[in-house]
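The lines below spell out each chain.
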There are 2 protein chains.
Amino acid sequence: MPEQDETAPSSQHTKALEPIRGRRRDRRRDRNDPSAGGEEIPLTPFGGLRNHLGYLTPLQEDQIDQIHKNSMKILKDFGIKVLSQEVRDHLKSLGCLVDDDTMMVRADEDFIMAHIATAPAEFSLTPRNPDRKLTFGGNHVNFGLVSGPPNVSDRVRGRRPSQYQDFKDLICLGQSLHHIHCYGNQTAATNDLNVHTRHLDSMLTTLICSDKVTSCMSVGRERVTDAVHMVAIARGLSLETMADTPGAMTNINVNSPRVLDVEMSDAALAMAEMGQAVIVTPFTLMGAMAPVSLPAALAQQNAEALFVIALIQSWRPGTPVIYGGFTSNVDMKTGAPAFGTPENTLTNLATGQLCRRYRLPYRSSGCSASNVPDAQAAYETQMSLWGAIFGGANLIYHSAGWMEGGLVASYEKVMLDGDMLEGFAKMLAPIDFAPAEFAMDAIGEVEPGGHFFGHAHTLERYKSAFFAPMLSDWQNFENWQANGSLSAYDRAEEKWKTALKTFTPPQIDPSISEALSDYVTRRKAEIGNRPL
Amino acid sequence: MPEQDETAPSSQHTKALEPIRGRRRDRRRDRNDPSAGGEEIPLTPFGGLRNHLGYLTPLQEDQIDQIHKNSMKILKDFGIKVLSQEVRDHLKSLGCLVDDDTMMVRADEDFIMAHIATAPAEFSLTPRNPDRKLTFGGNHVNFGLVSGPPNVSDRVRGRRPSQYQDFKDLICLGQSLHHIHCYGNQTAATNDLNVHTRHLDSMLTTLICSDKVTSCMSVGRERVTDAVHMVAIARGLSLETMADTPGAMTNINVNSPRVLDVEMSDAALAMAEMGQAVIVTPFTLMGAMAPVSLPAALAQQNAEALFVIALIQSWRPGTPVIYGGFTSNVDMKTGAPAFGTPENTLTNLATGQLCRRYRLPYRSSGCSASNVPDAQAAYETQMSLWGAIFGGANLIYHSAGWMEGGLVASYEKVMLDGDMLEGFAKMLAPIDFAPAEFAMDAIGEVEPGGHFFGHAHTLERYKSAFFAPMLSDWQNFENWQANGSLSAYDRAEEKWKTALKTFTPPQIDPSISEALSDYVTRRKAEIGNRPL
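Treat the numbers as computed from the prediction; the structure is a model and nothing was measured.

Things to note about the overall build of chain A
Here is step 1: Across its full length, chain A carries 20 helices and 20 strands.
Here is step 2: Relative to the compact-globule value of 24 Å for 532 residues, chain A shows a C-alpha radius of gyration of 25 Å, a close match.
Here is step 3: On the principal axes, the C-alpha backbone points of chain A span a range of 80 × 55 × 45 Å.
Here is step 4: Taken across its 532 residues, chain A has 61% of its residues classed as buried.
Here is step 5: Here the analysis covers contacts within chain A between residues at least 6 apart in sequence; of these, 75% occur between residues at least 24 apart.

Some words on the sheet that holds strand 10 (residues 214-215) of chain A
Residues and elements named next belong to chain A.
Here is step 1: One open sheet accounts for eight strands, arranged 1-7-18-17-14-13-11-10; its pairing is mixed. With one partner strand each, in any of the chains shown, strand 1 (49-50) and strand 10 form the two edges of the open sheet.
Here is step 2: Contacting strand 7 (140-145), strand 17 (362-365) and strand 18 (395-400), helix 14 (residues 375-389) runs over the sheet at an angle of about 165° to strand 18.
Here is step 3: Where helix 15 (residues 411-428) meets the sheet, it contacts strand 1, strand 7 and strand 18, and its direction lies at approximately 135° from that of strand 18.

Quick notes on the packing of helix 9 (residues 220-235) of chain B against helix 11 (residues 262-273) of chain B
Each pair of packed helices can be described by the angle between their axes along with the distance between the axes.
Residue and element names in this part refer to chain B.
Here is step 1: Two elements in contact, helix 9 and helix 11, have axes whose closest approach is 7 Å; the angle formed by their N-to-C orientations is 35°. The interaxial crossing formed by helix 9 with helix 11 has right-handed handedness. In contact with Gly220, Arg221, Val224 and Thr225 of helix 9, helix 11 contributes Glu263, Asp266, Ala267, Ala270 and Met271.

Some points on the relation of the copies chain A and chain B
Here is step 1: After a rotation of 180° and a shift along the axis of 0.0 Å, chain A superposes on chain B with an RMSD of 0.0 Å. Viewed as a symmetry operation, the transformation between the two copies matches a two-fold axis. No C-alpha of chain A approaches the rotation axis more nearly than that of alanine 375 of chain A, which lies at 2.0 Å.
Here is step 2: The residues that chain A uses at the interface reappear at the interface of chain B in 100% of cases, marking a shared surface.

A few points about the interface of chain A and chain B
Here is step 1: Taken together, the 135 residues of chain A in the interface contact 135 residues of chain B.
Here is step 2: Among the elements that take part in the side of chain A that touches chain B, helix 14 of chain A stands out by supplying eight residues, more than any other.
Here is step 3: Residue composition of the side of chain A that touches chain B, by class: 72 nonpolar, 43 polar and 20 charged.

A few points about the packing of helix 7 (residues 164-176) of chain A against helix 19 (residues 488-501) of chain A
All names here are of chain A.
Here is step 1: Remark: helix 7 packs on helix 19, axes separated minimally by 10 Å, with the N-to-C direction vectors making an angle of 95°. With respect to their mutual orientation, helix 7 and helix 19 come out roughly perpendicular. Side by side, helix 7 and helix 19 meet where Asp169, Cys172, Leu173 and Ser176 of the first sit next to Trp496, Ala499 and Leu500 of the second.

Topic: the confidence of the model for chain A
Residues and elements named next belong to chain A.
Here is step 1: Across chain A, the average pLDDT comes to 92, with 91% of residues at 70 or higher.
Here is step 2: Per-residue pLDDT stays below 50 along residues 8-42; that stretch engages in 53 contacts with residues further than four places along the chain or on separate chains.
Here is step 3: Scored as a whole, the predicted complex attains pTM 0.94, and scored at its interfaces, ipTM 0.93.

Concerning the sheet that holds strand 9 (residues 158-161) of chain B
Here is step 1: Sheet architecture is open: four strands sit in the order 9-8-20-19 (chain B), paired in mixed fashion. Each having just a single partner strand, strand 9 and strand 19 (402-403) of chain B make up the two edges of the open sheet.

Some thoughts on the nonpolar core
Here is step 1: One finds Val278 and Ile309 of chain A together with Val278 and Ile309 of chain B to be the most contacted residues of the largest nonpolar core, which totals 335 residues.
Here is step 2: Setting aside residues no more than four positions away along its own chain, valine 278 of chain B makes contact with Met249, Thr250, Ile252, Ala268, Met271, Ala272, Ile312, Thr319 and Val321 of chain B.

Topic: the environment of serine 153 of chain A
Residues and elements named next belong to chain A.
Here is step 1: Within the fold, serine 153 resides in strand 8 (residues 151-154).
Here is step 2: The spatial distance from the C-alpha of serine 153 to the C-alpha of glutamate 109 is 46 Å, given a sequence separation of 44 residues.
Here is step 3: Apart from residues lying up to four places away in sequence, serine 153 is in contact with Gly158, Arg159, Val408 and Ser410.

Examining helix 19 of chain A
Residue and element names in this part refer to chain A.
Here is step 1: A rise of 1.5 Å per residue sets the reference length of helix 19, with its 14 residues, at 20 Å; its end C-alpha atoms lie 20 Å apart and thus fit the reference within 8%.
Here is step 2: Regarding helix 19, the residues found buried are Ala488, Tyr489, Arg491, Ala492, Lys495, Trp496 and Ala499. Angular distribution of buried residues about the axis of helix 19 spans 155°; they occupy a single face of the element.

Comments concerning the pairing of strand 18 (residues 395-400) of chain B
All names here are of chain B.
Here is step 1: Burial analysis of strand 18 places six of its six residues in the buried class, the great majority of the element.
Here is step 2: In terms of strand pairing, strand 7 (residues 140-145) meets strand 18 through three bridges, oriented parallel. Bridging across to strand 18, leucine 145 finds its partner in alanine 400.
Here is step 3: Taken together, the three bridges between strand 17 (residues 362-365) and strand 18 define a ladder with parallel strand orientation. Across the sheet, serine 365 pairs through a bridge with tyrosine 397, a residue of strand 18.
Here is step 4: For the handedness criterion, the β-α-β arrangement of strand 17, helix 14 (residues 375-391) and strand 18 is classed as right-handed.

Thoughts on the environment of methionine 383 of chain B
Here is step 1: Among the structural elements, methionine 383 of chain B can be located in helix 14.
Here is step 2: Along the chain, methionine 383 of chain B and threonine 345 of chain B lie 38 residues apart, while their C-alpha atoms are 6.0 Å from each other.
Here is step 3: Not counting chain neighbours up to four residues away, the residues in contact with methionine 383 of chain B comprise Gly423 of chain A together with Gly340 and Thr345 of chain B.

Observations concerning the pairing of strand 11 (residues 248-254) of chain A
The two faces of a sheet get side chains in turn, since along a regular strand they alternate between them.
Residue and element names in this part refer to chain A.
Here is step 1: For strand 11, the tally of buried residues reaches seven of seven residues, placing the bulk of the element in the interior.
Here is step 2: Going residue by residue along strand 11, you find Ala248, Thr250, Ile252 and Val254 tucked away on one face and Met249, Asn251 and Asn253 tucked away on the opposite face as well.
Here is step 3: Here strand 10 pairs with strand 11 via two bridges, running parallel. Looking at strand 11, one finds that serine 215 is bridged to methionine 249.
Here is step 4: Where strand 11 meets strand 13 (residues 277-282), six bridges bridge the pair, whose relative direction is parallel.

Describing unusual backbone geometry
Residues and elements named next belong to chain A.
Here is step 1: With an omega of 0°, the peptide bond running from serine 256 to proline 257 counts as cis.
Here is step 2: Considering the arrangement of structural elements, one finds proline 257 in the loop between strand 11 and strand 12 (259-260).
Here is step 3: We note that serine 485 has phi near 50°; this positive angle belongs to a residue other than glycine.
Here is step 4: Judged by the 12 C-beta atoms lying within 10 Å of it, serine 485 falls in the exposed class.

A word on helix 20 (residues 510-527) of chain A
Here is step 1: Taking 1.5 Å of rise per residue, the 18 residues of helix 20 of chain A would be expected to cover 26 Å, and the 26 Å separating its terminal C-alpha atoms lies within 8% of that figure.
Here is step 2: Of all 18 residues in helix 20 of chain A, one are buried, a share of ten percent or less.

Comments concerning the environment of alanine 439 of chain A
Here is step 1: By secondary structure assignment, the location of alanine 439 of chain A is in the loop between helix 15 and helix 16 (440-445).
Here is step 2: Classification of alanine 439 of chain A by C-beta neighbours within 10 Å gives buried; the count is 27.
Here is step 3: Residues alanine 439 of chain A and threonine 458 of chain A, 19 residues apart in the sequence, show an inter-C-alpha distance of 9.2 Å.
Here is step 4: Setting aside anything within four residues of it in sequence, one finds alanine 439 of chain A in contact with His457 of chain A together with Pro291, Ser293 and Ala296 of chain B.

Cut-offs applied
Residues numbered from 1 in each chain as written. Chains lettered and ligands numbered in written order. Predicted model: local features only at pLDDT ≥ 70, side-chain atom pairs only at ≥ 80, totals over all residues. Helix = DSSP H or I, 4+ residues; strand = E, 2+ residues; numbered from the N terminus. Rg over C-alpha atoms; globule rule 2.2 N^0.38 Å. Buried ≥ 20, exposed ≤ 12 C-beta atoms within 10 Å, placed from the backbone. Contact = placed C-beta atoms within 7 Å. Pairing = 2+ DSSP bridges. Axes fitted to C-alpha atoms, helices over the stretch in contact; angles between N-to-C directions. Left-handed = near helix turned anticlockwise from the far one by under 90°. Least-squares fit on C-alpha atoms with pLDDT ≥ 70 in both. Nonpolar A, V, L, I, M, F, W, Y, C, P; charged D, E, K, R; others polar. Parallel < 35°, antiparallel > 145°, perpendicular 65-115°, else oblique. pLDDT = per-residue confidence, 0-100. Core = buried A, V, L, I, M, F, W, Y, C linked by C-beta atoms within 7 Å. Expected span 1.5 Å × (residues − 1). Arc of directions from axis to C-beta. Right-handed = clockwise from strand over helix to strand, strands pointing away.

The following block contains the structure:
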C-alpha cells in the first residue's frame, strides 16, 4: 500500500512508454539546430497571445478612485519639473501653470483627462516582417527582451561591461526565442562604440539580425529620428507612410520623483511627430524615488505617467502610447533595489487596474535582483511576470535576461526566462474543448488501474499534447546524475551557445540591407567622428 | 543621460540610507536565533490568509458544465472499481449498481449530487494550540509542508532513503517556518522504523515538536484511529468531543484511473466516523493515469473525487471533506511525471472553478520535478503555487520542499519555498489605504529628483513597510562576491542548519506529553513487535 502522497513510480511509466519513445527525438534541439532533423513539434504561433484567464485585482474600485484623485492633486498642487523650455512653453500655451524659475509645471484634472482621452486604447506595431506585427491594448500580451543593462554576464566570460558583440548576441538570442516578441531600447549598452553614432550601429544590427519589433534609444531627437528612419527603410516605407502604420517604439522614464528631462521629452515628442509609439515609465522605487507606502507610490507613478502621456497627446493627438508601471521597492536595510517582491507584484497587478480605468495600453516588466541565475532569479522573475501578465500588461519588458536589478543582461537567464515565457504562452493558448478531447472512449476502454500510454487517443495527440520545454530536465535522479547532474544554469549555458552557433539571420532583401548600410554611412559622416 | 532602461544606481541609494542602516539588524536572523536580540520585525500573523485578489479562470461556464456532465457519465456508464466489499455493500444498499465479480460500482448524478450537498462548504481544524486553528473553504489559503517522499536530500548528506530523524527534522523546519500552516500525511517516510508502529512514533514526534494542524497516514482504519486518538489527547479532549471540533485530517488518493483501494476507503470512512477531515485526491497524470487531453483528465478527476466524496458523505453526512486536484502531465518522451508545467497550472486553476461549482473546499499542491533546488525547481514550484492560490485552493499541499516529482523532500527546498510562501502571504495581506498612506506631505516636500529615504513618512514605516525575505540576497554584485558569491541554494543550506540548531519545540503540558507517550507505549505493546 502506498504510504507516499502522490509519488509517481516513474520507472514503470518509462517502461510503459517504450512504444512511443522510439519514434521521436529531442523536440527543442530540432528547433535550435536545423541539422538535427527529426520530427517537428508544433509550437504555439508567434505572438498573438491573449489573456483569457482574467485579471487579479488587489485594488477595490474606491481605492482606484483614491489613487486617481491623489495623483490629480499631485499634478495640480505640486506639479512636475519640466527641464525643457520648449515643453514648458507648449504647456503654458495650453493653460498649465508654469514657473520658469523653478521649471515646475502644474496641470489640472481637466487638462490631463482631456488629453489622455485621445490616446488609442489599442494599436499595432509592424516590423519589417509583417508576420511579426504586435498589438498592444485589450488582453494582448507581448514579451520584450532584457533592455538597458550596462553589463552582461555569462558563465564562460564572467561579468563585464557590455560590448557591441554582446548587444548583437542578445539580439540573436531574442530572435531565436519563439516567444520573445520585441526588443526594448537596447539589449545591452555598446560601451565600446562611439557614443555619438552607436545608435546607428545598434539599429543596423537589430534590423539585420532580427525581423521583430524593436525600440529606439530615447536620448534626444536625433537618435530616435535616425532609428525611425532606419525602420522605415527596412520596411520599404517613407517616413510619412510609416506614420500611418507605426513600426517602432521607445521607452522614456520619468526621473522620479517628478522630473522630466530634456533628452526624454525630446525623444518622446520626436517619436510622436513621426507617429511612432512611446512608452512612458516613471521609475518609482518605493522608499527611494517614491514613498514607502503602496497607495502613495501608485499615486505618484500615476501622476507622472499621465502627465507625460497628456503632454504627448497634446503635442500630437492619437500618438500610440503605453502607460509604463515600474514600481518596486528598495531593501530598507541597504537601499538596494529589490524586484519580484510581493510589493512589486502587487503594483504590477494594481497598475493594470489603473490602465484599464484610463483605457490605456499597459507596460510592465519581468525583473530580478539576484546576482546569479539561481532559484532566487527564477522566483523573483516568476513573481513579477505573473503580476505583469495577470495585471493585464500588454507589453512585458525585460521578460528574459534582466538580472541584478537591471545592471546585467545574463546570457543564461535569457534562455531560462525564454523557456518560462514559452510555458506562459502555452498556458495562455486556448484549450481545445471539442467533444473528442473528452476521450470518453479511452476512459471507458482503459481498465481501472491501467494506463493511457498506448491508447489510440494518446497516440494521436502525444506529439503536441503538452508543453515541451527547452530547459526543464524531467529525467529521474539516476539518469540525471549519470548524465552529469546538470542544473538549470548548466543547461542554460549549453542552450545559448547552441543558439548562437546555429543562428541564421532572417531573410532580408539585399537592396534593403544595402540601403540601411548606406544610411548609417551617410549619417556617421554627418555626425563626424567625435571622440568617445 | 541614462541610456539604460530603469537601472537603479544602487550605490547612491546605499549612501543615502546610512542614517537608517545603522539602526537595525538582520531581521530574519533575529527571528531564527533567539540569542540574536535586536529589533523585532513584525510578520504577517500566522494563518488567516485570504485571497482578495480574485481567481484566474481558464474555463468558461459551459466548459465547466461539459466537464461536469462527462464526469457524471463516467460514473454512470463506466463506474469505479471499489476493492472493499464493505463499501460495495454500502453503496448497493443506497441504490448504486454494483457488480461484485468485477468490483465495479456505478452511480448516477442524483446519488452523487445529493450526497456531496451534505459536505460543509467551509470548516475549521483546531490543533493542540488553538491559535493555530485553520479554516478551509471560501477564500482561505493554507500552506502545507512537503508530504510523502520516500527519500530526502540535503547538501551535507546527499540523497538517501529517509529515516525517522529526517521526518523529525522536517517537522521542526515546518514548525519554524511562519507560513507553513500544517502537515500532510507524513513529511517523509520513516524507513528505519517498524512498519506496524511507525505511525505512532511519527504522530508522537509531530505532536511534541509542533503545535500546528497535522494529518494521519491513510493506511487502513487502525492507523488513522491511533492518530486521531493522539490528537485528541494532545488537545485534552475525548474522541467524542473532538468529533464536534475536528482537529485532524488525512489525504487519500484515488488510484487513477478509477480504483478505490481498501486501505484508502477504510481510512477515509474511519476518519468520517470520528468526524475528522478527509481530502480526496485522484492522482491523474495526463498521458498516464488520465487521458492526454485536459478536458478529459479534468472530467476523470472530477468523477473520481466526487464519487469518493459522495461515499464519505453517505457514510456520515457533514463530514468535513476537501476536493483534491492533482492533475499534471507526464513527459511524453520518457513517461516521467512533470510538475509546474503550464498544463499543471491550468488544471490547478480549473479545478478551483469545479470546486466552487460544488461549494467544496479545494486542495491543490506546489510541485516540481527538478532534481536539484535550482532555477527549474523555483519556476516549477512558482507556476504550481500561482495556479493553486489563484485557482482558489484552500489547502496547498507540498507547498515547501517537494522535489523530484515527490520522490524527495529537500531540506534546502523547504527553506527556499518557505521563503516564497512568506512572500505570497505578504502579497495576500490587506493593503493599508488610510489617508496617511498616500503620503501627500512627503510627496510635496521631497524635491523633484530627490529621494524619500530620510523623510519622516519613510522613517515611521521603514521597519515593516516591505517584505523582508529570509533568503533573497539583494546585495550589489561586488558585496555579494566579497561575501562568498552564495547562491540561493547555498543560503538555503545555511538556513535549515540554523533553524534546526536553534529549534525550540512549542510548549506542551508535561501531563499531556506523558499521556501521549503512554498511549504509544500501550499501543506498541498491543500491536506487538512484528518484524519489519
